[in-house]
Amino acid sequence: MNIPYLSFTGMHDSIREEMHQAFSAVYDSHWYVLGKKVEAFESQYAGFNGTAFCKGLSNGLDALHLSLKVLGVGPGDEVIVPSNTYIATVLAVSYTGATPVFSEPDPGTYNLDPVRVAEAITGKTKVILPVHLYGQACDMQAIMDLAARHHISVVEDNAQAHGAAFNGKLTGAWGHINATSFYPGKNLGALGDGGAITTNDPELARKAEILRNYGSQKKYFNEVIGHNMRLDELQAALLSVKLPYLKKWTEARQTLAEGYTQRLQGAGDLVLPVTAPGATHVYHVYMVRTRQRDALQAFLQDKGIGTLIHYPLPPHLQEAYRFLGYQQGDFPIAETIAGTCLSLPLWPGMTEAALDEVAGQIHTFFKTHRS
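Residues numbered from 1 in each chain as written. Predicted model: local features only at pLDDT ≥ 70, side-chain atom pairs only at ≥ 80, totals over all residues. Heavy atoms only, no water.

**Here's the deal with the domain arrangement of the protein chain**
Bring the parts together and some accessible area is lost; that lost area is often taken as the interface size.
Point 1. Domain boundaries assigned for the protein chain yield domain 1 (8–243) and domain 2 (246–369).
Point 2. The straight-line distance from the C-alpha centre of domain 1 to that of domain 2 is 24 Å.
Point 3. Tallying the contact residues gives 40 residues for domain 1 and 35 residues for domain 2.
Point 4. A combined buried area of about 3,300 Å² lies between domain 1 and domain 2, and 63% of that area is made up of carbon and sulfur atoms.
Point 5. On the domain 1 side of the interface with domain 2, the three residues burying the most area are Phe102, Tyr134 and Asn187, jointly 23% of the side's total.
Point 6. Counting across the domain 1 and domain 2 interface gives 18 residue pairs in polar contact (both at pLDDT 80 or more).
Point 7. When contributions to the side of domain 1 that touches domain 2 are tallied by element, the ones reaching two or more residues are helix H1 (9–12), helix H5 (87–96), strand E3 (99–103) and strand E6 (165–166).
Point 8. Examining the composition of the side of domain 1 that touches domain 2, we find that 4 residues originate from one element, H5, more than from any other.
Point 9. Here the residues of the side of domain 1 that touches domain 2 are counted per class, giving 21 nonpolar, 15 polar and 4 charged. (Domains from an automatic or database assignment. Contact = heavy atoms within 4.5 Å. Buried area = accessible area lost by both parts, 1.4 Å probe. Polar contact = N/O pair within 3.5 Å; in protein donor to acceptor, adjacent residues only side chain to side chain. Helix = DSSP H or I, 4+ residues; strand = E, 2+ residues; numbered from the N terminus. Nonpolar A, V, L, I, M, F, W, Y, C, P; charged D, E, K, R; others polar.)

In structure tokens, the structure reads:
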């Protein structure tokens, strides 16, 4: 059985006609940038996410960058980020001229540990940037309380957690201004690049709206030095089709994840995902860990089963950040995760037979390979 890491078939086949109609509507409108489709999706996504404002942007990295910029982050400031995040989180900080300060995650949930975050705060800290990694909500109550005590801002990186919640409140609705991505592989994915910011602050929303469009509210009149970071009409229209299906697709992901967890009990040294009290998990990724990660990945590939590693090298060890002076061993939790993590196939439409095959092959691996 050939089982790819990701397949869009289960989602896209069922909405093919709706997506074609959305494309035709945009095509025939003769208006392709910052029009009614973008406005409609912004309203719909803000309503879904429980925030007063949503502003569509070109991608998730731009959304992170713009979120920091509207908060006034710049040279001399520090932004606390997870030591085990995807590089985009850190790049956004660098774009502002600020310094990324890495904080180790909780080794059970892989999300920021508020206790360690507190230890990382200095007089230069301007923002805490929690990432809801793999689809599980961070402990946002503790993070927001910590930020309030120190009079600093919070920007959520919600790229992997559309629809997740902590204490009943959705991710992307906690921070002062928050960023998300609609890259095709995300739980809510466009058919190209796309992103957004969400906020309840009208002034931050206004600043983001101006900065995304060359620093302009009125064509050819520019108030500030801005950017071209706009979500286009076509991607907005396609996202509007997909958004009503997100709840159903999330439930499918959660059912599949539960199926994995049941089937993989007792498999070698495999560490399975856990969900923290108060948090929900929308399983953008079903990530397991094992000391035999590379051998297991090769074994599964040989059996026709696709996997990915999220992520093989932590940001502090990337060549791009060598100038910060970090060495192997400086962030041991992140480094351990990077050396042992493996993401298994999971997508809406994946069958029970596919789950059985993946889990069965993993059990076979551990029976025949001894560490």
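**Re the layout of surface pockets**
Point 1. Here the largest pocket is characterised by a volume of approximately 630 Å³.
Point 2. Taken together, 32 residues form the lining of the largest pocket, with Tyr86, Gln160, Tyr183, Lys186 and Tyr311 sitting closest to its centre.
Point 3. With 4 residues, the single largest contributor to the lining of the largest pocket is H5.
Point 4. The residue makeup of the lining of the largest pocket, split by class, is 18 nonpolar, 10 polar and 4 charged. (1 Å grid on protein atoms, 1.4 Å probe; cavity = no way out; pocket = protein on both sides within 12 Å on 5 of 7 lines; lining within 4 Å. Points joined across faces, edges and corners; volume = space filled by probe spheres on them.)

**Concerning the nonpolar core**
Point 1. By size, the foremost hydrophobic cluster in this structure holds 67 residues, and its most contacted members are Tyr286 and Ile362.
Point 2. Among the elements that take part in this core, helix H13 (residues 352–368) stands out by supplying 7 residues, more than any other.
Point 3. When residues are assigned to domains, this core turns out to be shared by domain 1 (8–243) and domain 2 (246–369), each giving three or more.
Point 4. Residues contacting isoleucine 362, with those up to four places away along its chain left out, are Leu264, Ala267, Leu270, Leu296, Leu300 and Leu344.
Point 5. If you look at the next biggest cluster of nonpolar residues, it comprises 22 residues, including Val101, Leu112, Phe166 and Ala279. (Core = buried A, V, L, I, M, F, W, Y, C linked by side-chain atoms within 4.5 Å. Buried < 20%, exposed > 50% of the residue type's maximum accessible area, 1.4 Å probe, protein only.)

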